[in-house]
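Overview (structure and organization)
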Amino acid sequence: MAALYPAYPKQTLIALRTLVWKETHRYLRIWVQTLVPPAITMTLYFIIFGSLIGSRVGVMDGYSFMEFIAPGIIMMSVITNSYTNVVSSFFGAKFQRHVEELLVSPTPNYVILAGYVAGGVGRGLFTGLIVTIIASFFADLEIHNIPVTISVVFLTAVLFSLGGFINGVFAKKFDDIAIVPTFILTPLTYLGGVFYSISMLPDFWQGLSMANPILYMVNAFRYGILGSSDIPIMTAYTLVIGFIIAGTALSLHLLKRGTGLRS
Amino acid sequence: MPELLCQSPFHPICSQKREGPQCPPVGYLNLLNSTPDPGWLSIHEQPGTLQKEGTNSYLCTLWPRPCDHRLGFPNMNALSLRQLNKTYSGGVTALHDVDLEVTPGDFFGLLGPNGAGKTTIIGIVASLVRATSGSVKIFGHDIVTEPWEAKSNLGLVPQEFNFNQFETVSQIVLNQAGYYGIDRRTAHERAEYYLRELDLWGKRNASSRSLSGGMKRRLMIARALVHEPRLLILDEPTAGVDIELRRSMWDFLRQMNERGTTIILTTHYLEEAESLCRNIGIIDGGRIIENTDMRSLLAKLKSQSFVLDISSAVGDLPNITDFYVVPIDEQTIEVEVRGDQTLSDLFKQLNAAGVEVTSMKNKANRLEELFVRMLGDRDNPPAKAV
Ligand SMILES: Nc1ncnc2c1ncn2[C@@H]1O[C@H](COP(=O)(O)OP(=O)(O)OP(=O)(O)O)[C@@H](O)[C@H]1O
Ligand SMILES: [Mg+2]
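A few points on the structure. This structure is a prediction, so every number in the text was calculated from the model and none was measured. Every chain's residues receive numbers from 1 upward, in the order its sequence appears when written. The naming scheme follows written order: chains are lettered A onward, ligands numbered 1 onward. With pLDDT at 70 or above as the cut-off, local features in this predicted model cover only qualifying residues; side-chain atom pairs require 80 or more to be listed or tallied, and sums for whole chains, interfaces and linings still use all residues. Each side-chain value is worked out from all heavy atoms of the structure, with water and hydrogens disregarded.

Here we come to the overall build of chain B. The helix count covers DSSP runs of H or I at least four residues long, the strand count covers runs of E at least two residues long, and both are numbered beginning at the N terminus. Each helix and strand counted, chain B has eleven helices and 17 strands in total. Each residue gets one of three labels from its accessible area relative to the maximum for its type: buried under 20%, exposed over 50%, partly exposed in between, using a 1.4 Å probe on protein chains only. The buried share among the 386 residues of chain B stands at 52%.

On to the environment of Arg196(B), then. Here Arg196(B) lies in helix H5 (residues 184–197). For the pair Arg196(B) and Lys348(B), spaced 152 residues apart in sequence, the C-alpha separation works out to 53 Å.

This paragraph deals with the interface of chain B and chain A. Taken residue by residue, the interface counts 34 residues in chain B and 29 residues in chain A. Counting the surface lost from both chain B and chain A, the interface buries some 3,000 Å², and carbon and sulfur atoms represent 51% of this. Buried area: the accessible surface (1.4 Å probe) lost by two parts on joining, summed over both. Together, Leu128(B), Trp148(B) and Tyr179(B) form the three largest contributors to the area buried by chain B at its contact with chain A, with a combined 27%. Salt bridge criterion: a side-chain nitrogen from Lys or Arg within 4 Å of a carboxyl oxygen from Asp or Glu. Our count for the contact surface shared by chain B and chain A stands at three salt bridges. Residues Glu101(A) and Arg223(B) are paired through a salt bridge, measuring 2.7 Å at the closest nitrogen-oxygen approach. Put simply, the parts of the chain that give the side of chain B that touches chain A at least two residues each are helix H3 (147–152) and helix H4 (169–179) of chain B. In what follows, a contact means two residues having at least one pair of non-hydrogen atoms within 4.5 Å.

So, on to the environment of Ala171(A). Note on placement: Ala171(A) falls in the loop between helix H7 (146–170) and helix H8 (174–194). Between the C-alpha atoms of Ala171(A) and Ile130(A), which are 41 residues apart in sequence, the distance is 30 Å.

With that out of the way, let us pick up the sheet that holds strand E10 (residues 231–235) of chain B. All names here are of chain B. Should DSSP find at least two bridges between two strands, the strands are taken to pair. Strand order in the open sheet formed by six strands is E9-E10-E11-E6-E12-E13, and the pairing between neighbours is mixed. The sheet is open, and its two borders are formed by strand E9 (154–157) and strand E13 (287–293), each paired with just one other strand. Strand-to-strand twist of the sheet, defined as the mean angle between neighbouring strand axes without regard to direction, takes the value 15°. Relative to E13, strand E12 (residues 279–284) runs antiparallel, the two sharing six bridges. Its bridge partner being in E13, Asn 279 is matched across the sheet by Asp 293. Along the sheet, helix H6 (residues 213–225) makes contact with E9 and E10, crossing E9 at roughly 170°. Here an angle of 0 to 180 degrees is reported between the N-to-C directions of two axes, which are lines fitted to C-alpha atoms, with helices fitted over the stretch in contact.

The cutoff for a nearby residue is simple: one of its non-hydrogen atoms must lie within 4 Å of the molecule or strand. Around ligand 1, a shell composed of 15 residues is seen, among which Asn114(B), Gly115(B), Lys118(B), Thr119(B) and Thr120(B) lie nearest. At the site occupied by ligand 1, nearby residues are drawn from chains A and B. Pairs of N or O atoms are called polar contacts if they sit within 3.5 Å, as long as, within protein, a hydrogen donor faces a hydrogen acceptor (for residues adjacent in sequence, only side-chain-to-side-chain pairs). Between an oxygen atom of ligand 1 and a side-chain N or O atom of His268(B), the distance comes to 2.8 Å. To be clear on the numbers: accessible area is Shrake-Rupley with a 1.4 Å probe, and residue cover counts the displayed protein chains and nothing else. If ligand 1 stood free it would expose 630 Å²; the protein chains cover 66% of that surface. Among the elements that take part in the shell around ligand 1, helix H2 (residues 118–125) of chain B stands out by supplying three residues, more than any other. All residues other than Ala, Val, Leu, Ile, Met, Phe, Trp, Tyr, Cys, Pro, Asp, Glu, Lys and Arg, Gly among them, are scored as polar; the first ten of these are nonpolar and the last four charged. Of the residues in the shell around ligand 1, the class split is five nonpolar, eight polar and two charged.

Here we take up unusual backbone geometry. A positive phi angle is found at Arg97(A), which is not glycine, with a value near 75°. Examined against the element boundaries, Arg97(A) turns out to sit in the loop between helix H4 (65–95) and helix H5 (99–104). Its identity is not glycine, yet Asp199(B) carries a phi of approximately 65°, on the positive side. Structurally, the position occupied by Asp199(B) is in the loop between H5 and H6. What makes Asp199(B) exposed here is its relative accessible area of 62%.

Residue and element names in this part refer to chain B. One ladder, built from six bridges, connects strand E4 (residues 79–87) with strand E5 (residues 93–102); its direction is antiparallel. By the bridge assignment for E5, Thr 87 is matched with Thr 93. In this structure, the hairpin formed by E4 and E5 is closed by a connection of five residues, where Gly 91 is found at a positive phi of approximately 105°. Bridge count between E4 and strand E7 (residues 133–138): five bridges; the pairing is antiparallel. What sits directly across from Arg 82, in E7, is Ser 135.

Turning to the environment of Gly178(B), a few remarks are in order. Tracing the backbone shows Gly178(B) in helix H4. For the pair Gly178(B) and Phe107(B), spaced 71 residues apart in sequence, the C-alpha separation works out to 28 Å. If we skip the residues at most four places from it in the chain, Gly178(B) touches Ile14(A), Ala15(A) and Thr18(A).

In C-alpha cells, the structure reads:
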C-alpha cells in the first residue's frame with residue numbers, strides 16, 4: 001500500500017492538474033457530441049412529457065408534473081453523462097493505447113483515477129447545469145435546500161464516474177462500453193422514479209423499487225429542489241457514500257493489478 | 001567541500017568529479033538550456049548552489065549530506081534485470097530467466113529475431129507488462145518499490161505508435177511533461193527545445209493523426225525526452241524511416257549518448273546496431289544467448305564473404321589456393337576470407353593471374369553475417385554422430 005502522503009507532492013499535483021485539464025479539454029473539444037445531445041433530448045422530454053402529456057397528468061405529490069419530473073431529468077442527464085464520459089474516455093485511451101503514456105510515467109494510480117473521475121464529474125455537472133437552465137424555461141424551480149441539492153448531485157456524479165471507470169477497465173471492445181448504460185443504467189434510471197412517484201405503485205413494485213439505488217439519488221435530489229421525497233435522505237447519503245468508497249477501492253485494486261491494462 | 005563540475009548546460013547529465021565523505025558520489029545533475037533548472041536541487045532535496053563558470057559549464061557545489069538513496073549512484077547500473085520470467089496469459093513463455101546489466105552511459109543494442117522477446121523485456125521495464133517473476137532496477141531503483149524514482153529516470157519510445165490521435169503535437173509533449181510533474185514553464189521550454197531538435201516545431205499545432213510515419217517516430221522520441229530521463233529505451237525507432245531521416249536520428253541519438261544519456265535500442269537493421277552500439281545483447285526464444293561488447297562480438301566472426309566483380313570471365317579464372325571461391329555469374333565471384341587470411345593474399349593471387357577486380361563489396365554487413373550464423377546454428381545443430 002502506497003503511503004497516503006505522496007513522496008513528491010508538488011509533482012503529484014502537477015500530474016493531477018495535467019490529467020484533469022486533459023479530460024476537461026476532451027469533452028469541451030467534442031462538445032457537439034457531449035454537451036449538445038443531452039440538451040436536445042432533455043428539451044424534448046420537457047416538451048413532450050412536461051408540457052403536452054403533463055398537462056393531462058395533473059398534480060403529482062402536490063407538484064405540477066413538470067415540476068415533479070424536472071429534478072429527475074436533471075439527475076438522469078448527470079448520471080448518464082458522467083458515466084459515459086469516463087467509460088468512453090478511458091476505453092478510448094486503452095484502445096488507442098495512449099493510456100500507456102500514463103502507465104509508463106510515475107503518475108500514481110490514485111491520480112489516474114482522480115483525473116478520470118474529475119473529467120466525468122465535470123461533464124456530468126456541466127450537462128446538469130445546461131439541463132437545469134432549460135428546465136427553468138418550463139418550470140418555476142426554486143431550490144428548497146441548496147446544500148442537499150449540490151452535495152447529492154456531486155456525489156452522484158462521482159459515483160457514476162467511478163462506475164464508468166470500472167466499466168472502462170473491463171471493456172475489451174466498443175460493445176462493452178454500451179452494454180451497461182443500455183441494459184442496466186437506462187432501465188434503472190427510468191424505474192428510479194424520474195417520471196413518477198413510487199407511492200403510485202402497488203406494494204410489491206414499491207418494495208422492488210427500493211432495491212434500485214438510483215431511486216435514492218433521484219429522490220434525494222428532488223428533495224433538495226422541491227422539498228419532498230419518497231425516501232429518507234440519510235439513507236440516500238449512506239448508500240451513495242458507501243458505493244463511492246467501494247467503487248474507489250475496487251478501481252484502485254484493478255489499477256494496481258493492471259487488469260485490462262498490463263498483459 | 002565536495003564539488004561537481006558540470007559540462008554541457010543543455011543536457012541533463014553532467015559528469016561528476018567528487019567523492020563525498022558521507023555519501024557515495026552523486027554524480028548526476030539536471031541542467032536545462034542556458035539556465036540551470038532550479039527545480040533540480042529542490043526535487044532532489046539537494047542543498048547546494050549552481051554557479052556559471054563559462055558559456056558551457058557550471059560549477060555545482062553540493063553540501064555534504066547524508067546518503068539519499070532516491071538519487072541512485074553512478075556505480076549503479078542504469079538497468080539491471082534479475083531472473084526475469086514472463087509467461088503471457090495465453091501460455092506463451094516469452095522470457096526465461098533473463099539477467100541483464102546495462103552500465104551508465106552505455107549505448108546498448110538488444111538484438112534478436114521477431115518474437116524473441118525484446119518488446120516483452122522493454123514492456124516489463126516500462127511497467128506495461130507484468131513480469132511473472134524477477135526484478136527490474138533502473139539506476140538502482142526498483143520499479144515496484146520505488147516507482148517514482150525508477151520511472152522518472154526512464155524514457156520510452158515504444159515499437160508501435162501510441163499517442164492520442166486527436167491531440168496536437170505540442171499537447172502530447174506537454175501532457176507527458178505534466179505526468180512527470182514538470183512545471184508548465186519548464187515543460188514549455190523543453191517541449192520547444194526537443195520539438196525543434198527533432199524538426200517538429202513547424203508541426204506543433206498539427207494533430208498527431210496528420211503526421212507522416214517518420215514524424216510520428218520523432219514525436220515519440222520528443223515525448224520520451226521531455227522529462228530528460230537518464231535511460232532512454234527505443235524499440236525499433238527507425239522501422240519504416242527513410243535513409244536520410246534514419247541517419248539524422250542516428251546523429252541525434254549519438255549526441256544524446258555523448259551528453260550522458262544511457263541508450264538501449266532494439267533494431268532489425270544490423271548496420272544500425274554496428275554503427276551505434278558499444279555493447280550488444282542477443283536474445284533468442286526468450287533467452288539471452290550473447291551479451292558482450294561489439295568488438296569481441298565481431299571478433300567471433302570467423303570468416304567474411306566478399307562479392308567481387310572481375311574483368312575476365314569466371315571460366316578463365318586460375319585456381320586460387322586456400323580461398324573458397326563460388327562463381328555467381330559470368331564476371332562475379334564470391335570469396336570467403338577466414339579470420340587468419342587477408343584480403344592482400346587474395347589480391348596477390350588474382351594480380352598474378354592478371355585478373356583485375358573492378359569492384360568489391362561485403363556480402364552482408366559483418367554483424368548481420370554473425371547474426372545469421374548464430375541463429376542458423378540454433379536451427380541446424382551440429383549433426384550428432386550415430
Ligand atoms: N500480449 C501478448 N500476449 C500473448 N503473447 C504475447 C504478447 N505479446 C507478445 N507475445 C508473445 O511473446 C513472444 C515475444 O514477443 P515480443 O513482442 O517480445 O518479441 P520481439 O522480440 O519484440 O519481436 P519483434 O522483433 O517482432 O518486435 C512472442 O512469441 C509473442 O507472440
Ligand atoms: Mg518487438
